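# Geometric and topological summary
Letter by letter, the chains look like this.
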Amino acid sequence: MMGKKLKIALALGAMAATFLAAGCGGSSKNSASASKNGIPSVIRVGSETTFPPFEFTKDDKYVGFDLDLADAVIKQMGSKMEFKSMGFDALIPAVQSGQIDLIAAGLNATPERAKQVAFSDPYFTQDGFIIIVNKDNDSIKDWADLEGKNVGAQVGTQQVKLAQEAKAANVKQLDSNSQAFMELQAKTLDAVVIDQPVGMYYLKQGADKDLKIVGTAKDAQGMVFAMKKDNKELQAAVNKALKELKDNGTYDKIYKKWFGDEAKK
C-alpha cells in the first residue's frame, strides 16, 4: 500500500515539475512558450500610449502606427503580441528587467540608449524635432530663442536634452505630449519641443487654431524598436521580419494608413 502511494506521489511531483517548467517560459527552444524558431510564441511589447499617431487610445482601444507595425513584425516572426502600456521612462528598465521583450514607442536611437538596450534597424526616418508655440507668440522663431524661456518636453526623451542645450530657463518634464499641449495652450509654458510627426498630427486635429510650428526641424537618429541588450536572437528576428514587411508591401500599407502617401519621401 505504502509503495503504491509513494509511486503516485512521485508521479504527481513529476507532473507538477513539468507544468512549472512549461509555465516559466523563457527563451529555451524546448519551452512550451517558444515557437519552432526559438523566439517566444508571445512577445510582450511595451509602449507609452499618449504619442499619436504612433501609439494612443481611441474608442477605449490602443491604436497607432507603432502598434500596427509591431504586431505585423511579430506575426511575420510567427509569434503573437501581448501589449502593455506604461510610462515612457519605465520602458527601458522594464525591458532590462525582463518585464517586457520589446519597446515600440517612437524610440530614437540615441548613443545614451545604445548603452542600455539593443536596437532594431530604423523603421521610421521621416523624423525630427520641432518647436511649437502659441500663434500670438512672436518672440520665439527658432532654437536660439528658447534661451531663458519655459519649455515643456516629455520626460525621458531627446526633446528634454535639446531644450536644455538651448539654455531654456526651465525645462518642465511632463508625463505625456497631451499634457504639454494643454500647458502650452494655458500659457504656463512658452514653447514645447516635440517629434515632428507627432506635432503635425496634433495640429491637424484642430490645434492649429491656437498653435504653430516655428523654426527648423532638428534631425533625429531614426525611430527603432528596442530589446534587451544581449538578446541578439530577437534583434535579428525583428530586423529580418521588418525587411520582409518592407519587401512585401505590408510596411507601405501601414505607413499609408497613418501618414498617407504625402508623408513618405
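Bear in mind that the values here come from a model prediction, so they are computed numbers and not experimental data.

## Overview of the environment of alanine 169
- Mapped onto the elements, alanine 169 comes out in the loop between α5 (158–165) and β9 (170–174).
- Overall, alanine 169 belongs to the exposed group, its relative accessible area being 59%.
- Along the backbone, alanine 169 and glutamate 147 are 22 residues apart, and their C-alpha atoms lie at a distance of 6.5 Å.
- Apart from residues lying up to four places away in sequence, alanine 169 is in contact with Leu146, Gly148 and Lys149.

## Observations concerning the nonpolar core
- Within the largest apolar cluster, 46 residues are counted, with the highest numbers of intra-cluster contacts made by Phe65, Leu69, Val73, Met77, Phe124 and Phe225.
- Once residues lying within four places of it in the same chain are set aside, the contact partners of valine 73 are Phe225, Val238, Ala241, Leu242 and Leu245.
- One finds Trp143, Leu162, Ala166 and Ala191 within the second-largest nonpolar core, a separate group that totals 17 residues.

## Re the packing of aromatic side chains
- Under the defined criterion, the tally for this structure stands at 18 aromatic pairs.
- With centroids separated by 6.0 Å and ring planes inclined at 85°, the aromatic side chains of phenylalanine 54 and phenylalanine 65 adopt a geometry described as edge-to-face. One end of the pair, phenylalanine 54, is in the loop between β1 (42–47) and β2 (56–58); the other, phenylalanine 65, is in helix α2 (residues 65–76), and 11 residues separate them in sequence.
- Residue phenylalanine 65 is classed as buried on the basis of its relative accessible area of 0%.

## Some words on the sheet that holds β1
- Reading across the sheet, the 5 strands line up as β4-β1-β5-β12-β6 and stay open at both edges, with mixed pairing between neighbours. Lying at the two open borders of the sheet, with one neighbouring strand each, are β4 (80–85) and β6 (117–119). Ignoring strand direction, the axes of neighbouring strands in this sheet form an average angle of 35°.
- Bridge count between strand β5 (residues 102–108) and strand β12 (residues 223–228): 3 bridges; the pairing is antiparallel. By the bridge assignment, leucine 107 is partnered in β12 with valine 224.
- Seen against the sheet, α2 touches β1, β4, β5 and β12 and runs at an angle of roughly 150° to β4.
- Along the sheet face, helix α8 (residues 232–247) touches β1, β5, β6 and β12 and points at about 150° away from the line of β12.

## Description of the packing of helix α6 (residues 177–185) against helix α7 (residues 196–204)
- Put simply, α6 and α7 touch, their axes get as near as 12 Å, and they point 60° apart. Here α6 lies oblique to α7, going by the angle between them. Viewed along their axes, α6 and α7 form a crossing whose handedness is right-handed. Of the residues in α7, those touching α6 at Asn177, Ser178 and Phe181 are Val198, Gly199, Tyr202 and Leu203.
- The residue makeup of the contact of α6 with α7, split by class, is 4 nonpolar, 3 polar and no charged.

## Section: the pairing of strand β7 (residues 129–134)
- Along β7, 6 of the 6 residues are buried, which leaves the element largely enclosed by surrounding structure.
- Here β7 pairs with strand β10 (residues 191–195) via 4 bridges, running antiparallel. Opposite phenylalanine 129, over in β10, you have aspartate 195 as the bridge partner.
- Sheet topology note: the β7/strand β11 (residues 211–218) ladder contains 5 bridges and is antiparallel. Paired with phenylalanine 129 across the bridge in β11 is lysine 218.

## Overview of the confidence of the model for the protein chain
- Chain-level pLDDT for the protein chain is 85 on average; 84% of the residues reach the 70-or-more range.
- The low-confidence segment residues 1–32 (pLDDT under 50) makes 11 contacts with residues lying over four places distant or belonging to another chain.

## Thoughts on the side chain of glutamine 154
- With respect to the secondary-structure elements, glutamine 154 resides in strand β8 (residues 150–154).
- Engagement of the side chain of glutamine 154 in a polar contact is seen with the side chain of glutamate 48, the distance being 2.7 Å.
- Within the structure, the side chain of glutamine 154 is placed 3.3 Å from the backbone oxygen of aspartate 175, a separation counted as a polar contact.
- When sequence neighbours within four positions are dropped, the list of residues in contact with glutamine 154 reads Glu48, Thr50, Phe88, Val160, Leu174, Asp175, Ser176 and Asn177.

## What about the pattern of salt bridges?
- All told, the structure shown has 9 salt bridges when counted by the stated rule.
- Aspartate 101 is paired through a salt bridge with arginine 44; the nearest N and O atoms lie 2.9 Å apart. Taken as a pair, aspartate 101 in the loop between α3 (91–97) and β5 and arginine 44 in strand β1 lie far apart in primary sequence, 57 residues in all.
- For arginine 44, a relative accessible area of 23% gives the class partly exposed.
- Between aspartate 71 and lysine 75 there is a salt bridge, with its nearest N and O atoms 3.3 Å apart. Of this pair, aspartate 71 and lysine 75 both sit in helix α2, 4 residues apart, which is roughly one turn of that helix.

Thresholds applied
Residues numbered from 1 in each chain as written. Predicted model: local features only at pLDDT ≥ 70, side-chain atom pairs only at ≥ 80, totals over all residues. Heavy atoms only, no water. Helix = DSSP H or I, 4+ residues; strand = E, 2+ residues; numbered from the N terminus. Buried < 20%, exposed > 50% of the residue type's maximum accessible area, 1.4 Å probe, protein only. Contact = heavy atoms within 4.5 Å. Core = buried A, V, L, I, M, F, W, Y, C linked by side-chain atoms within 4.5 Å. Phe/Tyr/Trp six-rings, centres within 6.5 Å; stacked < 30°, edge-to-face > 60°. Pairing = 2+ DSSP bridges. Axes fitted to C-alpha atoms, helices over the stretch in contact; angles between N-to-C directions. Parallel < 35°, antiparallel > 145°, perpendicular 65-115°, else oblique. Left-handed = near helix turned anticlockwise from the far one by under 90°. Nonpolar A, V, L, I, M, F, W, Y, C, P; charged D, E, K, R; others polar. pLDDT = per-residue confidence, 0-100. Polar contact = N/O pair within 3.5 Å; in protein donor to acceptor, adjacent residues only side chain to side chain. Salt bridge = Lys/Arg side-chain N within 4 Å of Asp/Glu carboxyl O.

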